[in-house]
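# Observations on chain architecture
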Amino acid sequence: MKLEGVYKSFEEIDVLHNFNLTISDKEITCILGPSGCGKSTLLNVLAGIIKPDEGNIIDQKKKIGYVFQEDRLLPWKTVFENIKLVNKKASSNRIKALIDMVGLNQFENKYPHQLSGGMRQRCSIARAFNFESELLLMDEPFKSLDYDLRINMVKGLVEIWNKWKNTIVFVTHEIDEAILLGHKVVVLSQKPCTVEDVVEIDLPLNTRNLEIRELINVRTKLIKLLSNQENQVKCKSA
Ligand SMILES: Nc1ncnc2c1ncn2[C@@H]1O[C@H](COP(=O)(O)OP(=O)(O)OP(=O)(O)O)[C@@H](O)[C@H]1O
Ligand SMILES: [Mg+2]
């Protein structure tokens, strides 16, 4: 799937500006960028929820899963029912395996209001994986989780990807998540948002850890790219 010369503005605000990006099949593409630069807008364009003002979307996927920044569970359905909802043919075993993957096995019959924010978000991640999508969009899915849980979710996602080879676009603010999960890490600029750089990481996901020299080098590069963006914001607002 490809975005070519995409532009999107909201009233006076120029958000996506001559935006070009290729999403490779069966890969995880991580998106890093400053707050408010247009990451969620980009996902909405990929999902077809927002139509660009200009530009082309080539090979747009039809079956799209989406983990939104906030969980969007149905309050009157249990964890199990919320996950089942998106793929009614799914076997109970598949749903239970997904519930297990996100560590909610004690809570499958609870309702969203009986769960913490992080648990609700984990439920919405399991639900997204139950929907057999051609493209899975994840908007800062681990944001509400503490450090240990985040690391576990990253490991869980790597395991799932190794099994199913999903095509995923994963937005995050955490450089370490991008390094552990991305086949490609796309660094975005401040608004108007364009692709600043694309860093490819060749190491297989299941061999990665943050002590590997190559990944330490990638982290240093990403920090530099992102701090350039922040400096530009400071200069603009000075
Ligand atoms: N529906 C909308 N109407 C008007 N402005 C919008 C709309 N959606 C987004 N924007 C504006 O577009 C810009 C980019 O928003 P977006 O939510 O895509 O950023 P983001 O990078 O996802 O931010 P965050 O890091 O906070 O999640 C912001 O200035 C926002 O105010
Ligand atoms: Mg966002």
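Shown above is the structure to which this text applies.
Position numbers for residues count from 1 along each chain, tracking the sequence in the order it is written. The lettering of chains begins at A and the numbering of ligands begins at 1, in the order of writing. Only residues with pLDDT of at least 70 are given local features in this predicted model, and only at 80 or more are side-chain atom pairs given and counted; all residues enter the totals for whole chains, interfaces and linings. Calculation of side-chain values draws on the structure's entire complement of heavy atoms; hydrogens and water are dropped beforehand.

What follows covers the environment of Trp-161. By definition, any uninterrupted DSSP run of H or I lasting at least four residues is a helix, any uninterrupted run of E lasting at least two residues is a strand, and each is numbered from the N terminus. Within the secondary structure, Trp-161 is located in helix 5 (residues 147-164). In this description, contact between two residues means that some pair of their heavy atoms is separated by no more than 4.5 Å. Those residues in contact with Trp-161, other than ones at most four positions away along the chain, are Lys-26, Glu-27, Ile-28, Asn-166, Ile-168, His-183 and Leu-205.

Our focus in this paragraph is the packing of aromatic side chains. Each Phe, Tyr or Trp ring, with Trp reduced to its six-membered ring, pairs with another whose centre is within 6.5 Å; inter-plane angles below 30 degrees give stacked pairs, above 60 give edge-to-face pairs, and intermediate values give tilted ones. For the structure shown, the criterion picks out two aromatic pairs. When the ring of Phe-142 is compared with that of Phe-170, the centres are 5.4 Å apart and the planes differ by 65°; the resulting orientation is edge-to-face. Note that Phe-142 is positioned in the loop between strand 6 (135-139) and helix 5 and Phe-170 in strand 7 (residues 168-171), a separation of 28 residues in sequence. Exposure classes here rest on a 1.4 Å probe applied to the protein chains alone. A residue is buried below 20% of its type maximum, exposed above 50%, and partly exposed in between. The class of Phe-142 is buried, set by a relative accessible area of 2%.

So, on to the pairing of strand 5 (residues 64-67). What you see with strand 5 is no split at all: Ile-64 and Tyr-66 on one side and Gly-65 and Val-67 on the other are buried throughout. If DSSP finds at least two bridges between two strands, the strands pair. Bridging between strand 5 and strand 6 involves four bridges; their strand directions are parallel. Paired with Ile-64 across the two strands is Leu-135, which belongs to strand 6.

Right, let's get into the site of ligand 1. Taken together, 13 residues lie near ligand 1, and Gly-38, Lys-39, Ser-40, Thr-41 and Gln-69 sit nearest. N or O atoms closer than or at 3.5 Å make up a polar contact, with two conditions inside protein: a donor-capable atom paired with an acceptor-capable one, and, for residues adjacent in sequence, both atoms drawn from side chains. In the environment of ligand 1, an oxygen atom lies 3.0 Å from a nitrogen or oxygen atom belonging to the side chain of Lys-191. For the accessible areas, the method is Shrake-Rupley and the probe is 1.4 Å, while residue cover comes only from the protein chains on display. For ligand 1, whose accessible area on its own is 640 Å², the fraction buried by protein is 63%. Top contributing element to the shell around ligand 1 by residue count: helix 1 (residues 39-47), with three residues. Basically, the charged four are Asp, Glu, Lys and Arg, the nonpolar ten are Ala, Val, Leu, Ile, Met, Phe, Trp, Tyr, Cys and Pro, and anything else, Gly included, counts as polar. A class-by-class count of the residues in the shell around ligand 1 yields three nonpolar, seven polar and three charged. Whether a residue is near a molecule or strand depends on its heavy atoms: it is near if one of them lies within 4 Å of it.

Binding of the magnesium ion (ligand 2) to the protein goes through Ser-40 (OG) and Gln-69 (OE1), at separations of 2.1 to 2.5 Å. One end of the pair, Ser-40, is in helix 1; the other, Gln-69, is in the loop between strand 5 and helix 2 (79-84), with 29 residues separating them in the sequence. Relative accessible area serves as the criterion here: at 23%, Ser-40 is assigned to the partly exposed category. Each metal site lists N, O and S donors within 2.8 Å (3.2 Å for Na, K and Ca). With water left out of the atoms, a site can look as if it is missing ligands.

Before going further, it helps to examine the sheet that holds strand 3 (residues 28-32). Overall, mixed pairing links the six strands, which are arranged 5-6-7-3-8-9 in an open sheet. One side of each edge strand has no neighbouring strand; the edge strands of this open sheet are strand 5 and strand 9 (195-200). With direction set aside, neighbouring strand axes in the sheet form an average angle of 15°. With axes taken as lines fitted to C-alpha atoms, and helix axes fitted only over the stretch in contact, angles between N-to-C directions fall between 0 and 180 degrees.

It is worth spelling out helix 3 (residues 92-101) at this point. An α-helical turn contains 3.6 residues, so any two residues separated by three or four positions project in the same direction. Among the residues making up helix 3, those that are buried are Arg-94, Ile-95, Leu-98 and Ile-99. Buried residues of helix 3 fall within an arc of 140° about the axis and therefore sit on the same side. Summarising the contacts, the buried residues of helix 3 are in contact with helix 2, helix 4 (117-130) and helix 5. The directions considered for the arc run from the helix axis to the C-beta atoms.

The next subject is unusual backbone geometry. Residues Lys-191 and Pro-192 are joined by a peptide bond in cis, for which omega reads -10°. Here Pro-192 shows up in the loop between strand 8 (184-188) and strand 9. If you check the backbone angles, Asp-59 has positive phi at about 60° while not being a glycine. By secondary structure assignment, the location of Asp-59 is in the loop between strand 4 (54-58) and strand 5.

Moving on: the pairing of strand 9. Bridging between strand 8 and strand 9 involves five bridges; their strand directions are antiparallel. What sits directly across from Lys-184, in strand 9, is Glu-200. Between strand 8 and strand 9, which pair antiparallel one after the other, the connecting turn spans six residues.

Moving on to the nonpolar core. Side-chain atoms within 4.5 Å link the members of a nonpolar core, which is a set of buried Ala, Val, Leu, Ile, Met, Phe, Trp, Tyr and Cys residues. Phe-129, Met-138, Phe-142, Ile-168, Phe-170, Leu-181 and Leu-222 are the most contacted members of the largest nonpolar core, which totals 50 residues. Every residue in contact with Met-138, bar those within four places of it in the chain, is listed here: Leu-43, Val-67, Ile-125, Phe-129, Leu-157, Ile-168, Val-169, Phe-170 and Val-171. Leu-21, Ile-23, Ile-31 and Leu-43 belong to the second largest nonpolar core, which has 25 residues in total.

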